[in-house]
Amino acid sequence: MLNFLIFGPPGSGKGTQGVRLAGKFNLLHLSTGDMLRAEIAAGTELGKKMSLIMSKGELVPDEVVIEMIANKIDGSSGCAGFLFDGFPRTVAQTAALEDMLNKRGMKIDSMLVLDVDHDELVKRLILRAQDSGRPDDSDPAVIENRIDVYKSKTEPIIAYCRERGIYEPVNGMGGIEEIFERLAVLMQKHF
Ligand code: ADP
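We now turn to the structure provided with this report. (Residues numbered from 1 in each chain as written. Predicted model: local features only at pLDDT ≥ 70, side-chain atom pairs only at ≥ 80, totals over all residues. Heavy atoms only, no water.)

Details of helix α2 (residues 32-41)
As a reminder, the rule being used: Burial here depends on accessible area, computed with a 1.4 Å probe over protein chains only, as a share of the maximum for the residue type. Under 20% is buried, over 50% is exposed, and the range in between is partly exposed. Starting at the N terminus, helices and strands are each numbered in turn, a helix being any DSSP run of H or I of at least four residues and a strand any DSSP run of E of at least two. Of all possible arcs, the one meant is that of the directions from the helix axis to the C-beta atoms. The contact criterion used is simple: two residues touch if any of their non-hydrogen atoms lie within 4.5 Å.
Listing the buried residues of α2 in full gives Thr32, Gly33, Met35 and Leu36. Down the axis of α2, the smallest arc covering the buried residues is 165°, so these residues share one side. Residues of α2 that are buried in the fold lie against β2 (28-31), α3 (45-55), α4 (62-74) and β3 (81-85). Of the residues trailing α2, Gly43 is marked for its positive phi of about 70°.

If you want it as structure tokens, here you go:
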């Protein structure tokens with residue numbers, strides 16, 4: 001089994017590319033953002049609690065997403081590995097993921113980091129809000145907060161993964177197809 005992180009700030013294209021790459025390489029695409037939005041849509045107690053945090057652009061507690069991911073890993077079968085999207089988002093989540101994978105005889109094989117300019121991120125998120133209806137995309141102040149949270153809490157994961165020799169930066173500027181090709185070439189090398 002091969003495990004990839006697709007990593008980058010909000011609006012960097014993780015979800016768009018994640019779905020396609022998972023299809024190409026027969027990986028299970030695990031997006032904690034999608035899982036949390038599914039809880040909200042289903043009106044669960046957890047969803048109700050998390051929706052306020054998400055609408056402000058803050059991170060939900062580590063233990064919530066760690067448990068969601070563990071359940072998905074244990075309930076999966078028939079895939080060549082996992083593509084983690086929007087998870088981990090803190091160094092604590094990264095350590096928990098490593099631990100979870102190690103216990104199951106796996107590891108994080110590669111961290112693909114999409115590099116995108118700040119102005120382009122804001123532009124993409126505002127555009128996305130028009131179709132997605134995501135409340136966290138519609139408010140410029142929430143967008144800026146999500147980018148700040150990324151820089152302070154999430155970006156430190158890059159140094160952590162660099163030390164482990166699994167960091168692979170990718171130019172995330174350009175068209176969807178050309179970025180997909182850049183990512184696919186890097187991933188292919190692991191198979
Ligand atoms: P984006 O990459 O555009 O920010 P996501 O769909 O990955 O969108 O996440 C949306 C929101 O869900 C985040 O702003 C955060 O509130 C919450 N969230 C998603 N994944 C995590 C996570 N791993 N840890 C904490 N909060 C998370």
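Comments concerning the site of the ligand
Let me state the cut-off plainly: Residue proximity to a molecule or strand is established when one non-hydrogen atom of the residue lies within 4 Å of it. Whenever a nitrogen or oxygen atom comes within 3.5 Å of another N or O atom, the pair is scored as a polar contact, on the condition that within protein one atom can donate a hydrogen and the other can accept it, and that pairs from neighbouring residues in sequence are kept only if both atoms are in side chains. The Shrake-Rupley method, run with a 1.4 Å probe, gives the accessible areas here. Residue values count only the displayed protein chains as cover. Residues are sorted three ways: Asp, Glu, Lys and Arg are charged, Ala, Val, Leu, Ile, Met, Phe, Trp, Tyr, Cys and Pro are nonpolar, and all the rest, Gly among them, are polar.
Among the 19 residues in the neighbourhood of the ligand, the closest are listed as Lys14, Thr32, Arg37, Glu58 and Arg128. Val60 places a polar main-chain atom, nitrogen or oxygen, 3.1 Å from a nitrogen atom of the ligand. Residue Arg134 places a side-chain N or O atom 3.1 Å away from an oxygen atom belonging to the ligand. When isolated, the ligand has an accessible area of 550 Å², and the protein chains bury 97% of it. For the shell around the ligand, the element with the highest residue contribution is α2, accounting for four residues. Of the residues contributing to the shell around the ligand, the split by class is seven nonpolar, four polar and eight charged.

Observations concerning the sheet that holds strand β1 (residues 2-7)
In plain terms, the rule: Note on pairing: two strands pair once DSSP finds at least 2 bridges between them. Lines are fitted to the C-alpha atoms to define the axes, a helix being fitted only along its stretch in contact, and any angle between axes, read from their N-to-C directions, falls within 0 to 180 degrees.
Within the open sheet, the five strands sit side by side as β2-β3-β1-β4-β5. Their pairing is parallel. Two strands bound the open sheet, and with one partner strand each, they are β2 and β5 (167-171). Strand after strand, the sheet turns through a mean of 20° between neighbouring axes, direction not considered. As defined by bridge partners, β1 adjoins β3 across five bridges and the pair is classed as parallel. When the sheet's bridge partners are listed, Ile6 is paired in β3 with Asp85. Seen against the sheet, α4 touches β2 and β3 and runs at an angle of roughly 165° to β2. The strands touched by helix α9 (residues 156-163) within the sheet are β1, β4 (110-115) and β5, with β4 carrying the most contacts at an inclination of about 140°.

A short note on the packing of aromatic side chains
Formally: Any Phe, Tyr or Trp ring, taking Trp's six-membered ring, that has another such ring centre within 6.5 Å forms a pair; planes under 30 degrees apart are called stacked, those over 60 apart edge-to-face, and the others tilted. By definition, being over a ring means that NZ of Lys or CZ of Arg is both within 6 Å of the ring centre and within 35 degrees of the ring normal.
Applying the stated criterion across every chain, the model contains five aromatic pairs. A ring pair is formed by Phe25 and Phe191, whose centres lie 5.1 Å apart and whose planes are at 10°; its orientation type is stacked. Here Phe25 is found in helix α1 (residues 14-25), whereas its partner Phe191 is found in the segment after α10 (176-188), with 166 residues between them in sequence. Classification of Phe25 by relative accessible area gives buried; the value is 8%. What makes Phe191 partly exposed here is its relative accessible area of 43%. Of the aromatic side chains, those joined through ring pairs into one cluster are Phe4, Phe25 and Phe191. Stacked on the ring of Phe25, the Lys or Arg Lys24 has its end atom at 5.6 Å from the ring centre. A cation over a ring is seen here: Arg164 above Tyr160, with NZ or CZ 3.8 Å from the ring centre.

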